[in-house]
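Residue-level listing of the chains:
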2 protein chains.
Amino acid sequence: MSKSNKKIILSEQDMPKQWYNIQADLPEPLEPPYNAREKRPATPDDFKPIFCDEIIKQEMSSERFIDIPEPVREVYKLWRPSPLIRAVNLEKFLDTPAKIYFKNEGVSPSGSHKSNSAIAQAFYNKEAGVKKIATETGAGQWGSALSMACEMFGIECVVYMVKVSYEQKPYRRSLMQVYGAQVFSSPSNRTETGKKVLAEDPDNEGSLGIAISEAIEDVVTSKNAKYSLGSVLNHVAMHQTIIGLEAKKQFEIAGDYPDIVVACLGGGSNFSGAAFPFLMDKLQGKKPYLRAIAAEPSACPKLSKGVLAYDFGDSSGFTPALKMYTLGHTFMPGGIHAGGLRYHGASPLVSALVKHKVVESAVVKQRAVFEAAVAFAKTEGILPAPESAHAIKVVIDEALKAKEEGKAKTILFNLSGHGHFDLSAYDNYLSGKMTDYEYPEEKVAQALTHLPEIK
Amino acid sequence: MSKSNKKIILSEQDMPKQWYNIQADLPEPLEPPYNAREKRPATPDDFKPIFCDEIIKQEMSSERFIDIPEPVREVYKLWRPSPLIRAVNLEKFLDTPAKIYFKNEGVSPSGSHKSNSAIAQAFYNKEAGVKKIATETGAGQWGSALSMACEMFGIECVVYMVKVSYEQKPYRRSLMQVYGAQVFSSPSNRTETGKKVLAEDPDNEGSLGIAISEAIEDVVTSKNAKYSLGSVLNHVAMHQTIIGLEAKKQFEIAGDYPDIVVACLGGGSNFSGAAFPFLMDKLQGKKPYLRAIAAEPSACPKLSKGVLAYDFGDSSGFTPALKMYTLGHTFMPGGIHAGGLRYHGASPLVSALVKHKVVESAVVKQRAVFEAAVAFAKTEGILPAPESAHAIKVVIDEALKAKEEGKAKTILFNLSGHGHFDLSAYDNYLSGKMTDYEYPEEKVAQALTHLPEIK
């Protein structure tokens, strides 16, 4: 075993003081959101009922760097800066000349990277006088991050949790409740949307689409309440860039720089956070050969197999339409264990970068993902979340390619979360019962016939 | 919120290179273990069938400092040095002049402090040519730490897991299996002990005592196999002192020193690890006023309510007898959620220090413990393990006392693990269903009639 430094640690003083907004460096400006109901481009006013002004401003901003408010930095210090770790044991196991580094976002109190944006959003809402934030959650990573963030800033938090997860994953629900959040099984009888669904089908198991609709309805019918989203949107991606900005400083200390950055992609916030600060160098012409790879599950590969089109963010079509790679907002992906990757669309920012061939994607299958996860746990000790394990599978593939080519490539990936909440998935894998998912070509083709009409 | 440093981080270079062995500084030497079967003091030879030579040497050693082998330090670097964190938000919530610091051992890959000794034990066994290590585990913290450690050093790991936990806590079992361990529900039909128990009662739910017996039987009937214990013994306590040794360096950086050190006590390894390096200063006369408090559950308060006597380490009476505070080896504590504190005896080292009034103990009740845990999670973000929350309750009591007295005391506690595996316990608390446990006076009196006879 090497006696060199295993971890590269930044001091709190060296924690970045600004987020990076990649909108400043895009090859062309983003196409604006579209109000499909009124058949016109969406304006900031369309977002006012659900987001506070500062969030809307950040969503539309093209300023390159935006200050991280001091109170947000103070909460970040509960666990940030997160370590950059050299995966020496994994390298040896693979017998690769590649150097593999990872950021460990699993050290956050909620166990994943989601806290980076949750805390920022809770702060801005608090500043704007908002008393309550409502959101939806599937498996619960976002819900638990937001619950903790709201508690830190003294804001009421209401979470609509997809019924099937509410019942099957009580651990995450309890975590939200410890942080003081009210958690409701969705569909609930607290909203017209929920009541309507339950009237038609009392046994409806819920979906993210229904939960989003319930959260938004809760917000627009409450006083001093706003909605909060944990991925996809530009401001969320920006808040996550603290990951990559820290990593850049840590690579400076290591005297290294990645040739390849890998992160899994669900809505895109994790990928954006890890990759955008490095992609700044590529977009500015300083690192033309840098590769950034978004790891996608075969069950839901929007960047690799979807179309670039305006589509709704939710399955019911309540939100403004966004220009993004999508499998269609009515598409329901197979039940892979990486719940955070079961989203039909990809962040408009990442989508634009894929379109311009700045970002690549790679599709991986569930069993190979868990094989990679177990290899990682056995060599590096840390049990990865199933989402993060998608990145690990791609990293292993790239490291083995580097071995074939005899090239000492430097690879960075983001370990977006730990897997201590996901051991039933590991059990499923170890017992040999895990199934793979083929790309559901027909279901996607069907869903793509439901894209909104854009004038 | 304060803008000062939240965390005090040591570099890997500053990680201690030696463990501290408090046997060098005891007011009088420990009384030796006793072979109750043969009615004589135990010798190193009594331990040879189950422990390798280096472990036995450490168990008996009175050298003050013992080198941490380089390969152990390398594995420690996966997460060590662990942060020392100032709980500023908790201080504000309590409105106390006390300064509260905690070491966060929850950042280890297994989620608790147990890895500190597991890795050392796996290394020494590997060096001794041991091919297999067997152990027992209740809730699974020790089992998962040892599984990971064995995987790191390429040793086979066999874990006998108490049946009721095996069935009710499949998450920890799966974690051990990810690390490549073989996990058996105990009583099993792999040993004579297990077969006998099952023949008498096929529905027997198991106990730590039975699991210890099975692990030891497995070891003595296998080739090149040794047994491993996660607490109680001197060498285990010593391996854990890396916690307090790091904390001392971190307090130097902070320009501070604790007036009070608090840690929960099950078998004693966590308490020893946090407190012994500070108690060295007290025993050497440098810090006469330092207080060290072991937090005990009302269901199992051996230091506060037990007797100091020779007793067996397991409920079946297979092990040598140790001089320790005990509630009797046949005592079965109530089903508190802090499974790691449900042990009838306390480490002989801690017991000796209590006898000499160097260490205090405090008894806390389960509901108050969870109230403290939730307050901590809400203010500091981190969800504590139920075991660690016992320390938090005592810390809060001491901080409120400091407030009453108007004294700016400095308090350190060890957060021995995170609570992400324990959310069903939190759910039990939040739903109002949690019960308290009174001290079981009659059951203890009964168990104390079964202490071994010592000549």
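Residues numbered from 1 in each chain as written. Chains lettered and ligands numbered in written order. Predicted model: local features only at pLDDT ≥ 70, side-chain atom pairs only at ≥ 80, totals over all residues. Heavy atoms only, no water.

Caption draft 1: Summary view of the overall build of chain A. Counting its regular elements, chain A contains 19 helices and 17 strands. Taking 455 residues into account, the globule formula puts the C-alpha radius of gyration at 23 Å, and chain A, at 21 Å, falls close to it. Projected onto its principal axes, the C-alpha coordinates of chain A cover approximately 60 × 50 × 45 Å. The buried share of chain A, taken over its 455 residues, is 65%. Long-range pairs, those at least 24 residues apart, make up 77% of the contacts in chain A between residues at least 6 apart in sequence. (Helix = DSSP H or I, 4+ residues; strand = E, 2+ residues; numbered from the N terminus. Rg over C-alpha atoms; globule rule 2.2 N^0.38 Å. Buried < 20%, exposed > 50% of the residue type's maximum accessible area, 1.4 Å probe, protein only. Contact = heavy atoms within 4.5 Å.)

Caption draft 2: Representation of the packing of aromatic side chains within the structure. Residues and elements named next belong to chain A. Within the structure shown, the criterion is met by 35 aromatic pairs over all chains. Ring geometry for phenylalanine 47 and phenylalanine 51: centres 6.2 Å apart, planes at 25 degrees, overall stacked. For the pair phenylalanine 47 and phenylalanine 51, one class covers both residues: buried. Between the aromatic rings of phenylalanine 102 and phenylalanine 413, the centroid separation amounts to 5.4 Å while the plane-to-plane angle is 20 degrees, which identifies the pairing as stacked. Residue phenylalanine 102 is found in strand S7 (residues 99–104), and its partner phenylalanine 413 is found in strand S17 (residues 410–415); the two are separated by 311 residues along the sequence. What makes phenylalanine 102 buried here is its relative accessible area of 0%. On the basis of relative accessible area, phenylalanine 413 is assigned to the buried category, the value being 1%. (Phe/Tyr/Trp six-rings, centres within 6.5 Å; stacked < 30°, edge-to-face > 60°.)

Caption draft 3: Structural detail: the sheet that holds strand S9 (residues 156–162) of chain A. Residues and elements named next belong to chain A. Across the sheet, which stays open at both edges, the four strands sit in the order S10-S9-S8-S11 with parallel pairing between neighbours. Both outer strands of the open sheet, strand S10 (182–186) and strand S11 (225–227), are each paired with one neighbouring strand and no more. Adjacent strand axes in the sheet meet at a mean angle of 25 degrees, parallel and antiparallel pairs treated alike. Where strand S8 (residues 132–137) meets S9, six bridges bridge the pair, whose relative direction is parallel. (Pairing = 2+ DSSP bridges. Axes fitted to C-alpha atoms, helices over the stretch in contact; angles between N-to-C directions.)

Caption draft 4: Geometry of the interface of chain A and chain B. Contacts between the two partners involve 50 residues from chain A and, on the opposite side, 51 residues from chain B. Between chain A and chain B, the buried area comes to about 4300 Å², and carbon and sulfur atoms account for 60% of it. Among the residues chain A hides against chain B, the three largest losses belong to A:Tyr171, A:Val178 and A:His420. Together they make up 16% of the total. Our count for the chain A to chain B interface comes out at four salt bridges. The salt bridge partner of A:Arg173 is B:Asp427, with a shortest N-O separation of 3.5 Å. Here chain A is connected to chain B by 16 residue pairs in polar contact (both at pLDDT 80 or more). Elements supplying a minimum of two residues to the side of chain A that touches chain B: helix H3 (70–76), helix H6 (141–153), helix H8 (170–178), helix H16 (366–380) and helix H18 (423–430) of chain A. Ranked by residue count, the leading element in the side of chain A that touches chain B is H8(A), at six residues. Here the residues of the side of chain A that touches chain B sort into 22 nonpolar, 15 polar and 13 charged. (Buried area = accessible area lost by both parts, 1.4 Å probe. Salt bridge = Lys/Arg side-chain N within 4 Å of Asp/Glu carboxyl O. Polar contact = N/O pair within 3.5 Å; in protein donor to acceptor, adjacent residues only side chain to side chain. Nonpolar A, V, L, I, M, F, W, Y, C, P; charged D, E, K, R; others polar.)

Caption draft 5: The pairing of S10(A), seen in detail. Residue and element names in this part refer to chain A. With respect to burial, S10 is a largely interior element, four of its five residues being buried. As paired strands, S9 and S10 are joined by five bridges and run parallel to one another. Along S10, the bridge assignment pairs tyrosine 160 with phenylalanine 184.

Caption draft 6: Representation of the pattern of salt bridges in the model. Counted by the stated rule, this structure contains 59 salt bridges over all chains. Across the pair B:Glu38 and B:Arg40 runs a salt bridge, and its minimum N-O distance is 2.9 Å. Take B:Arg40: its relative accessible area is 25%, and that puts it in the partly exposed class. Sharing partners across several salt bridges, the network here consists of A:Arg80, A:Lys103, A:Glu105 and A:Glu246.

Caption draft 7: Highlighting helix H16 (residues 366–380) of chain B. With 15 residues, H16(B) extends 21 Å from end C-alpha to end C-alpha; this agrees with the ideal 21 Å at 1.5 Å per step. For H16(B), the tally of buried residues reaches 11 of 15 residues, placing the bulk of the element in the interior. (Expected span 1.5 Å × (residues − 1).)

Caption draft 8: Spatial organisation of a negative patch on the surface. On the surface, a cluster of negative charge is made up of A:Glu167, A:Glu200, A:Asp201, A:Asp203 and A:Glu205. Mapped onto the elements of the fold, A:Glu200 is located in helix H9 (residues 192–200). (Patch = residues over 30% accessible without salt bridge, like charges linked within 9 Å, V, L, I, M, F, W, Y side chains within 5 Å. Areas by Shrake-Rupley, 256 points an atom, 1.4 Å probe, with all protein chains shown as cover. Lys, Arg positive; Asp, Glu negative; His and termini not counted. Charge placed at Lys NZ, Arg CZ, Asp CG, Glu CD.)

Caption draft 9: Quick look at the relation of the copies chain A and chain B. Placing chain A over chain B gives an RMSD of 0.0 Å and needs a rotation angle of 180 degrees, together with 0.0 Å of translation along the axis. Taken together, the rotation angle and the small translation identify this as a two-fold axis. (Least-squares fit on C-alpha atoms with pLDDT ≥ 70 in both.)

Caption draft 10: Summary view of the sheet that holds strand S13 (residues 291–297) of chain A. All names here are of chain A. Ordered in space as S1-S6-S7-S17-S12-S13-S16, the seven strands form an open sheet in which the pairing is mixed. Since the sheet does not close on itself, it has two edges, and those belong to strand S1 (7–8) and strand S16 (360–364), each with one partner. With two bridges joining them, S1 and strand S6 (residues 84–86) adopt antiparallel strand pairing. Residue pairing across strands places isoleucine 8 opposite leucine 84, the latter belonging to S6. The strands that helix H12 (residues 242–254) touches are S1, S6, S7 and S17; relative to S7, the one it contacts most, it runs at about 135 degrees. Sitting on the sheet, helix H17 (residues 386–405) is in contact with S7, strand S12 (260–264), S13, S16 and S17, with an inclination near 170 degrees to S17.

Caption draft 11: Region of interest: unusual backbone geometry. All names here are of chain A. At the junction of arginine 80 and proline 81, the peptide bond is cis and its omega measures out at -10 degrees in the coordinates. Among the structural elements, proline 81 can be located in the loop between H3 and S6. Of the consecutive residues serine 186 and proline 187, the connecting peptide bond is found in the cis state with omega at 10 degrees. Counting through the fold element by element, proline 187 comes out in the loop between S10 and H9.

Caption draft 12: Molecular detail of the nonpolar core. Within the largest apolar cluster, 100 residues are counted, with the highest numbers of intra-cluster contacts made by A:Trp19, A:Tyr76, A:Tyr227, B:Val262 and B:Phe413. A:Val262, A:Phe370, A:Ile382 and B:Val75 belong to the second largest nonpolar core, which has 99 residues in total. (Core = buried A, V, L, I, M, F, W, Y, C linked by side-chain atoms within 4.5 Å.)

Caption draft 13: Expanded view of empty space enclosed by the protein. All chains considered together, the criterion is met by six cavities of 30 Å³ or more. Estimates place the volume of the largest cavity at around 610 Å³. Around the largest cavity, the lining is made up of 35 residues, and of these A:Asn104, A:Val107, B:Asn104, B:Gly106 and B:Val107 lie nearest the centre. Across the lining of the largest cavity, the residue classes break down as 21 nonpolar, 11 polar and three charged. Roughly 160 Å³ of internal volume is contained in the second largest cavity. (1 Å grid on protein atoms, 1.4 Å probe; cavity = no way out; pocket = protein on both sides within 12 Å on 5 of 7 lines; lining within 4 Å. Points joined across faces, edges and corners; volume = space filled by probe spheres on them.)

Caption draft 14: Up close: the packing of helix H5 (residues 115–127) of chain B against helix H6 (residues 141–153) of chain B. Residues and elements named next belong to chain B. Where H5 meets H6, the closest approach of the two axes is 8 Å, and the angle between their N-to-C directions is 40 degrees. With respect to each other, H5 and H6 are oriented oblique. As H5 runs across H6, the sense of the crossing is right-handed. The segment H5 lies against H6, with Ser115, Ser117, Ala118, Ile119, Gln121, Ala122, Phe123 and Lys126 engaging Trp142, Ala145, Leu146, Ala149, Cys150 and Phe153. Residue classes in the contact of H5 with H6 are distributed as 10 nonpolar, three polar and one charged. (Parallel < 35°, antiparallel > 145°, perpendicular 65-115°, else oblique. Left-handed = near helix turned anticlockwise from the far one by under 90°.)

Caption draft 15: Main features of the packing of helix H9 (residues 192–200) of chain B against helix H10 (residues 208–220) of chain B. Residue and element names in this part refer to chain B. Contact pair H9 / H10: the axes reach a minimum separation of 8 Å and the direction vectors enclose 140 degrees. Classified by the interaxial angle, the pair formed by H9 and H10 is oblique. Counting all contacts with H9, which are made through Glu192, Thr193, Gly194 and Val197, the residues of H10 involved are Ile210, Ser213, Glu214 and Glu217. Per-class residue counts for the contact of H9 with H10 are two nonpolar, three polar and three charged.

Caption draft 16: Broad picture of the side chain of B:Asn89. Residues and elements named next belong to chain B. Turning to its location among the elements, asparagine 89 is positioned in helix H4 (residues 88–94). Taking the relative accessible area as the measure of exposure, asparagine 89 reaches 15% and is therefore buried. Engagement of the side chain of asparagine 89 in a polar contact is seen with the backbone oxygen of threonine 379, the distance being 3.0 Å.

Caption draft 17: Layout of the state of the cysteines. Residue and element names in this part refer to chain B. All chains considered together, the criterion is met by zero disulfides over all chains. Free cysteine: cysteine 52, not disulfide-bonded; nearest cysteine sulfur from cysteine 150 at 12 Å. Here cysteine 264 is not cross-linked by a disulfide; its sulfur's nearest cysteine counterpart is in cysteine 300, at 12 Å. Since its relative accessible area comes to 3%, cysteine 264 is described here as buried. (Disulfide = S-S within 2.5 Å.)

Bear in mind that shape data such as this cannot, by itself, settle questions of function.
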